[in-house]
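In case you want the letters, here they are:
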Amino acid sequence: MINDDQEVYNLKAKKKTVERPFKIKKIEGTYSFFGGDGVSCSALALNAIGEGTITHLGRSTMFEEWCSNAPDDLGTRSITITAANGDELRGYHSTIQFIGSNPTTFVETLNFDGGTGRFKNATGVFIETVVVFEDDQSTGTFVMSGEGTIKY
C-alpha cells in the first residue's frame, strides 16, 4: 500500500502546466489616493480593493497597490487576487492606455507572475478595461472587466 501511495503522489507532482482562458466579467470596487511615505513611495500612492467572479478563481477579491514617484510617472503597480479557496494570484501592470475621460476609462495589460497554492508558478497576460467614477480628487469607485490567458 505504501508504494501505491507514493505512485499517486508522484503522478500529482508531474501534473502538467496548462494554458487556460481567463476572464473577468465584472469586478467592482473602491480606490483611494494618498501621499507617498517619502521612502518606498515618494510622491503618490493608490490602493484599490474590489470583488467579483473570475474564471478559475470563483468569487474573488482583489487588492492593487500603486506607487508613483513623480506627477507624470505611471509608477509601479502590483495586484493580488484571492480566489474563493484562499489561493492567491499575483501580477503587475505593464501598459496603460487612456481611452476616455468622462468617466475616466483605460485599458491596461496585467502580467501574472505567480502566487500561492495552484497559482504558485502561474504566468499569463490579461487585458483589462477599467472605468473610474471619481467621488472627489482622492477617492472613487471602479468597474473592471477583461480577458486573457493564464498558465498553471
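Predicted model, so just to flag it, every value in this text is computed and none were measured.

Thresholds, definitions, all that
Residues numbered from 1 in each chain as written. Predicted model: local features only at pLDDT ≥ 70, side-chain atom pairs only at ≥ 80, totals over all residues. Heavy atoms only, no water. Salt bridge = Lys/Arg side-chain N within 4 Å of Asp/Glu carboxyl O. Buried < 20%, exposed > 50% of the residue type's maximum accessible area, 1.4 Å probe, protein only. Phe/Tyr/Trp six-rings, centres within 6.5 Å; stacked < 30°, edge-to-face > 60°. Helix = DSSP H or I, 4+ residues; strand = E, 2+ residues; numbered from the N terminus. Lys NZ or Arg CZ within 6 Å of the ring centre and 35° of its normal. Pairing = 2+ DSSP bridges. Axes fitted to C-alpha atoms, helices over the stretch in contact; angles between N-to-C directions. 1 Å grid on protein atoms, 1.4 Å probe; cavity = no way out; pocket = protein on both sides within 12 Å on 5 of 7 lines; lining within 4 Å. Points joined across faces, edges and corners; volume = space filled by probe spheres on them. Nonpolar A, V, L, I, M, F, W, Y, C, P; charged D, E, K, R; others polar. Disulfide = S-S within 2.5 Å.

This brings us to the pattern of salt bridges. Taken as a whole and judged by the stated rule, the model has six salt bridges. Taking the shortest distance from any N to any O, the salt bridge between E88 and R90 comes out at 2.7 Å. With a relative accessible area of 23%, E88 lands in the partly exposed category. With relative accessibility at 33%, the residue R90 sits in the partly exposed group. A network of salt bridges, in which partner residues are shared, links E64, R77 and E108.

Attention shifts here to the packing of aromatic side chains. Tallied over the entire structure, the rule returns seven aromatic pairs. Summarising the aromatic geometry, the rings of F33 and W66 are spaced 5.7 Å apart at their centres and angled 80° between planes, so their arrangement reads as edge-to-face. With F33 in strand β1 (residues 19-35) and W66 in strand β3 (residues 58-68), this residue pair connects regions lying 33 residues apart in the sequence. Given the relative accessible area of 28%, F33 is considered partly exposed. For W66, a relative accessible area of 14% translates into the label buried. One aromatic cluster in this structure is built from F22, F112 and F126. We note R20 situated over the ring of Y152; from NZ or CZ to the ring centre the distance is 3.9 Å.

Turning our attention to the sheet that holds strand β6 (residues 104-115). Taking strand neighbours around the barrel as the criterion, the eight strands line up as β1-β2-β3-β4-β5-β6-β7-β8 in a closed arrangement whose pairing is antiparallel. If you compare each strand with its neighbour and ignore which way they point, the axes differ by 25° on average.

Turning to the layout of surface pockets, a few remarks are in order. In this structure, the largest pocket spans a volume of roughly 570 Å³. Looking at the largest pocket, it is lined by 29 residues, and the ones nearest its centre are F33, L46, F98, F106 and V132. Mapped by element, the contributors of at least two residues to the lining of the largest pocket are β1, β2 (44-54), β3, β5 (88-101), β6, β7 (123-134) and β8 (139-151). By residue class, the composition of the lining of the largest pocket is 18 nonpolar, three polar and eight charged.

Under the counting rule described, the total for this entry stands at one disulfide. Shown here is the disulfide that connects C41 with C67, its sulfur atoms set 2.1 Å apart. Its S-S torsion of about 110° marks the bond between C41 and C67 as right-handed, since a negative value means left-handed. Here the residue C41 occupies a position in the loop between β1 and β2, and C67 occupies one in strand β3, the gap between them amounting to 26 residues. Residue C41 is classed as buried on the basis of its relative accessible area of 8%.

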